[in-house]
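The residues making up each chain are set out below.
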Amino acid sequence: MAKRPDFTRSSLLAHFEKLPHARATYKQLVKELNAKGALREALDEKLNQLVERGDLIEWKSGSYVLTSASREFLSGRLQMHRDGYGFVISDRPVEGMKGDLFLPPDALEDSMHGDQVLARIARIDHDGRAFGEIVRILRRAHVFVVGEFRIQRHNYVIPHDSRIRQWVLIPEGLEKPPQDSDLHRIGATVRHVEKVEDLDGMIVNVEILDFPEKGEPPVGRVIEILGKPGDFGVDVEIIIRKHHLRHLFPRAVLAEAQAIPASIPQEEIDRREDFRGLPIVTIDGETARDFDDAILVEKLDTGNWQLQVHIADVSHYVHRQTAIDHEAMLRGTSVYFPDRAVPMLPSELSTDLCSLRPHEDRLVLSAVLEIDNTGDVVNQRFAEGVIRSAERMTYTNVQKVLDGDPEQCERYSAFVGRFKQMEELALILNRKRVKRGSIDFDLPEAQFTFDELGEMTGIERTPRQMANRIIEEFMLAANEAVASALESHGVASIYRIHEKPDPKRVAEFAELAESFGLRFGSGAIASKTFARYERKRDGRKVRKEITVYEGSDHITSQAYQKLIAQIEGRPEERVLSYQLLRSLRQARYAAENVGHFALAAKSYTHFTSPIRRYPDLEVHRTLRAWLQADQPGFYAADGVTPRPNPDRMETLRVLADDCSFTERQAAEAERDLIEWKKVKFMAEKVGDEFPALVVSTTRFGLFVELEDLYVEGLVPLSALGDDRFHFEETTRRIVGQRSSQVFKVGDNITVRLDRVDEIEKTMSFSLAGILGRAPRTGGKILTAAKGNPSRPKAGKPKKGRKRGRRG
């Protein structure tokens, strides 16, 4: 019998890669892939999907070319500027092109900011700058738009995001939400209006009914009224909708959650390993409500250590193909704002049935590791278990116990010795990680304080103490143990990977380090620049210079580690640490394991937070299936040889990509709100002066970070003084033409806040003092601790919500 064709995305793209020029006609594909009858329809459907995704280009009817092999087209995300031009951020590197593809206003067609588009590269200049035009809109980014309702000749909604240039037309009769709208607010109060005129100036959420076409504006209908711009909680509601976060649980999801029995059946407890008699504890932040993990450390008679990491068994309650699972998969992760959260799971699960609350029976998946005194795991096993947490601890109280605080030591006298053992084992594990090359960036984290009205009152440094490090080390150990076990047994799963850094970024950082007299790595990153001539359509020959960076193989995590040790305690430590971090790639989820560069780990996954991360939930399901020996597709017919099922691998690839996207989406939303609150916080301080650190230099000025407020802004060249300043590309310094005044990364200066742009969320400063020189008379320097003395206190400050680091 002939083998059934495999029409997965990866298999079809692999087929195109083998073809001459990565091109094929539809008839050719039907013949080569033996697609007959119903299989031909399946092929046709998959080709259409690949064209919609931008993986393939149908350059003429029935003729396809692989986008990644094309030198004329690229697919990517459109990033607009409020002045009307835009850029396409390509999904793949393009040979000879530096940066993003520039699109002038007349080359944008009817696209909107954020759309996934297919663009044609019109030309690439000798300096690598590329220019082009949009050919096709592959996927719309905004089905919903949040903005301000305006009544003019017609009714419009002006998008909150200034990069969405098109105002949304609201036809008569569609100005007010349907009466039966199913609303779910995170913080703001539901608003209703009697007359359309009352909507003028209010913030609304709009569903797009017709996207812009041939110069006509988009048309939409109001589905939510959020309130007035300054109302309490409206800023969070705007951010949630701007980033299209799923904040409403469908009725079917809530019904499923409410139908789950509150008690655990005795037969379920009986079939699990019982850990309930052990002094297991949870350690979390003061404001935490969902407790994913619980731990226990014991010293064994052999002299080794036993580490137990118990993680809430969400997979027992959330099964595949259910409404809860579908919604959790779409959300991908919980999103945490300073004073509230948008959870991945309904509260019936996240803060109740799955949360490892003290003195209550809870189902867990457990990793039990035996660790020797060098930090090596000498034995490990995994189990479906049941626990009863003995105590709900906080980082603050555990740290006080470790510091010998008499009150806390007496209060938790039964656990003092165990916390000391936890500290000892965490230090052993940390030494082991450092020895193998794991990078530990101990960067300051900002924690924000708010008044009772939700307004930011200050920014302060978050301490990262031993109590936090204990949980970090134990979660890292559990994640790594699960990943290595699944991989060694050939079980298809999701991995958390971190690829080696881009040699070009490393080379740029190495140059910066050298300017401080520091050597990065065992040698310079080699680069070659060569010329290539291309003939344009009009017959002209154009010379292109292409720089290729080599030597990524010898870039090691140890090189980063050594530099961090060199700069510790030096004045430039802060700025170099940030720049070092920016030279690394972003970690992501993948079905194929390539290791984790920053952790120097051969195998790593996310296992420890299934309440708030969908990849962890999927890993739990995989681990449970393996433990129960219910493993379809895990092994070949002999039951021994590992052989991941191709369909399973394709499902995991798609899921990993989706989870990486939702993770970035959540991070962008969290960052967007914080930047907005920072800008509103600083708006009252225009004219004030601050000590600042130069964190980067560009051709249009220097970026500074205020030393105690963790706020960044730009000092334009024109605001540096009376001299004419220019940017030196090779040294990355800003130099005065007449005075030879020099500004470089790492300089300490005093700046004055000149302007705050609340729309763009940016701040502009001017120079007020040079390299430690006292600020000008009459100015006042504010720190997070002092705040603004002219601002009245609205109530007792409260700390922002923090998750903590958990692998």
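Above this text sits the structure in question.
Conventions used here
Residues numbered from 1 in each chain as written. Predicted model: local features only at pLDDT ≥ 70, side-chain atom pairs only at ≥ 80, totals over all residues. Heavy atoms only, no water. Helix = DSSP H or I, 4+ residues; strand = E, 2+ residues; numbered from the N terminus. Buried < 20%, exposed > 50% of the residue type's maximum accessible area, 1.4 Å probe, protein only. Salt bridge = Lys/Arg side-chain N within 4 Å of Asp/Glu carboxyl O. Core = buried A, V, L, I, M, F, W, Y, C linked by side-chain atoms within 4.5 Å. Contact = heavy atoms within 4.5 Å. Axes fitted to C-alpha atoms, helices over the stretch in contact; angles between N-to-C directions. Parallel < 35°, antiparallel > 145°, perpendicular 65-115°, else oblique. Left-handed = near helix turned anticlockwise from the far one by under 90°. Pairing = 2+ DSSP bridges. Phe/Tyr/Trp six-rings, centres within 6.5 Å; stacked < 30°, edge-to-face > 60°. Lys NZ or Arg CZ within 6 Å of the ring centre and 35° of its normal. Nonpolar A, V, L, I, M, F, W, Y, C, P; charged D, E, K, R; others polar. Polar contact = N/O pair within 3.5 Å; in protein donor to acceptor, adjacent residues only side chain to side chain.

> Lay out unusual backbone geometry with the relevant residues and their values.
You will see that Glu-109, though not glycine, has its phi angle at about 55°, which is positive. With respect to the element layout, Glu-109 can be found in the loop between strand 6 (101–103) and strand 7 (116–124). For Glu-109, a relative accessible area of 57% corresponds to the exposed category. The backbone phi angle of His-244 is positive, close to 55°, even though this residue is not glycine. Tracing the backbone shows His-244 in the loop between helix 4 (234–242) and helix 5 (251–259).

> A description of the pattern of salt bridges should follow, citing residues and the corresponding values.
This model, assessed by the stated rule, comprises 53 salt bridges. Note that Arg-271 and Glu-268 form a salt bridge whose closest N and O atoms lie 3.1 Å from each other. Arg-271 sits in the partly exposed class, given a relative accessible area of 43%. What you see here is one network of salt bridges that share partners, running through Glu-268, Arg-271, Arg-272, Asp-313, Glu-384 and Arg-624.

> An account of the nonpolar core is needed here, citing residue identities and associated values.
Grouped together as the largest cluster of nonpolar side chains are 45 residues, with contacts concentrated most on Ile-283, Ile-295, Leu-307, Phe-419, Met-422 and Phe-474. Put simply, the parts of the chain that give this core at least two residues each are strand 15 (281–284), strand 16 (293–299), strand 17 (305–312), strand 20 (361–371), helix 9 (395–402), helix 11 (416–436), helix 12 (466–488) and helix 16 (614–627). Considering each element in turn, this core owes the most residues, 12 residues, to helix 12. Apart from residues lying up to four places away in sequence, Leu-307 is in contact with Leu-296, Val-297, Ala-367, Val-368, Leu-369, Ile-371, Leu-425, Phe-474 and Ala-477. Core analysis: the second largest hydrophobic core is formed by 41 residues, Phe-291, Ile-324, Ala-328 and Tyr-589 among them.

> Outline the packing of helix 14 (residues 557–567) against helix 15 (residues 573–582), supporting the account with residue identities and numerical values.
In the contact formed by helix 14 and helix 15, the axes pass within 10 Å of each other and the chain directions differ by 165°. By the angle between their axes, helix 14 is roughly antiparallel relative to helix 15. Considering only the axes of helix 14 and helix 15, their crossing is left-handed. In contact with Tyr-560, Leu-563, Ile-564 and Ile-567 of helix 14, helix 15 contributes Glu-573, Leu-576, Ser-577 and Leu-580.

> Describe the sheet that holds strand 34 (residues 742–743), with residues and values.
One open sheet accounts for three strands, arranged 32-33-34; its pairing is antiparallel. Strands at the two margins of the open sheet, each flanked by one partner only, are strand 32 (725–728) and strand 34. Of the pairings in the sheet, the one linking strand 33 (residues 733–736) to strand 34 comprises two bridges and is antiparallel in character. In the strand pairing of strand 34, Val-735 is matched with Val-742.

> Before we move on, could you go through the packing of aromatic side chains and cite the residues and values that matter?
Taken as a whole and judged by the stated rule, the model has nine aromatic pairs. Taking 6.1 Å as the distance between ring centres and 25° as the angle between the ring planes, the aromatic pair formed by Phe-415 and Phe-419 counts as stacked. Taking the relative accessible area as the measure of exposure, Phe-419 reaches 1% and is therefore buried. Aromatic rings pair up to connect Tyr-85, Phe-87, Phe-102 and Phe-131 into one cluster. Its end group placed over the ring of Phe-249, Arg-331 keeps NZ or CZ at 3.7 Å from the ring centre. Cation over ring: Lys-685 sits above Phe-681, and NZ or CZ is 3.9 Å from the ring centre.

> I'd like a rundown of the packing of helix 16 against helix 17 (residues 646–682), residues and numbers included.
Packing of helix 16 against helix 17 brings their axes to within 10 Å, and their N-to-C directions diverge by 155°. When the axes of helix 16 and helix 17 are compared, the pair comes out roughly antiparallel. Contacts from Tyr-614, Pro-615, Glu-618 and Thr-622 in helix 16 reach Arg-648, Leu-652, Leu-655 and Cys-659 in helix 17. Its residues assigned to classes, the contact of helix 16 with helix 17 shows five nonpolar, one polar and two charged.

> I'd like a description of the sheet that holds strand 2 (residues 56–60), backed by residues and values.
The strand order 1-3-2 describes an open sheet built from three strands, whose pairing is antiparallel. Looking at which strands have only one partner, the edges of the open sheet turn out to be strand 1 (23–25) and strand 2. Adjacent strand axes in the sheet meet at a mean angle of 30°, parallel and antiparallel pairs treated alike. In the sheet, strand 1 pairs with strand 3 (residues 63–66) via three bridges, with the strands oriented antiparallel. Considered in strand 3, the bridge of Thr-25 is made with Ser-63. The sheet strands contacting helix 1 (residues 9–18) are strand 1, strand 2 and strand 3, and the helix crosses strand 3 at an angle near 90°. Each of strand 2 and strand 3 is contacted by helix 3 (residues 38–53), which is oriented at about 100° to strand 2, the strand it contacts most.

> Tell me about the environment of Ala-719, and please be specific about residues and values.
Looking at the element boundaries, Ala-719 is found in the loop between strand 31 (712–716) and strand 32. Residues Ala-719 and Ser-764, spaced 45 residues apart in sequence, show a C-alpha to C-alpha distance of 9.2 Å. Apart from residues lying up to four places away in sequence, Ala-719 is in contact with Phe-765, Ser-766 and Leu-767.

> Outline the environment of Glu-391, supporting the account with residue identities and numerical values.
Structurally, Glu-391 can be placed in strand 22 (residues 391–394). Note: C-alpha distance between Glu-391 and Thr-282 (109 residues apart in sequence) is 6.6 Å. Residues in contact with Glu-391, not counting those within four places in the same chain, are Ile-280, Val-281, Thr-282, Pro-358, Tyr-412 and Phe-415.

> Report on the environment of His-310, specifying residues and quantitative values.
Its place among the elements puts His-310 in strand 17. Sequence-wise, His-310 and Leu-363 are 53 residues apart; in three dimensions their C-alpha atoms are separated by 9.1 Å. Setting aside residues up to four positions removed in sequence, His-310 forms contacts with Phe-275, Ile-280, Asp-292, Asp-293, Ala-294, Leu-356, Val-364, Leu-365, Ser-366 and Ile-387. A distance of 2.8 Å separates the side chain of His-310 from the side chain of Gln-308, its partner in a polar contact.

> Report on the pairing of strand 3, specifying residues and quantitative values.
Burial of strand 3 is two-sided: the residues Ser-63 and Val-65 facing one way and the residues Tyr-64 and Leu-66 facing the other way are all buried. Remark: two residues form the turn of the hairpin made by strand 2 and strand 3, two consecutive strands paired antiparallel; Gly-62 in that turn has positive phi of roughly 80°.

Read these as layout, nothing more, since geometry by itself doesn't imply function.
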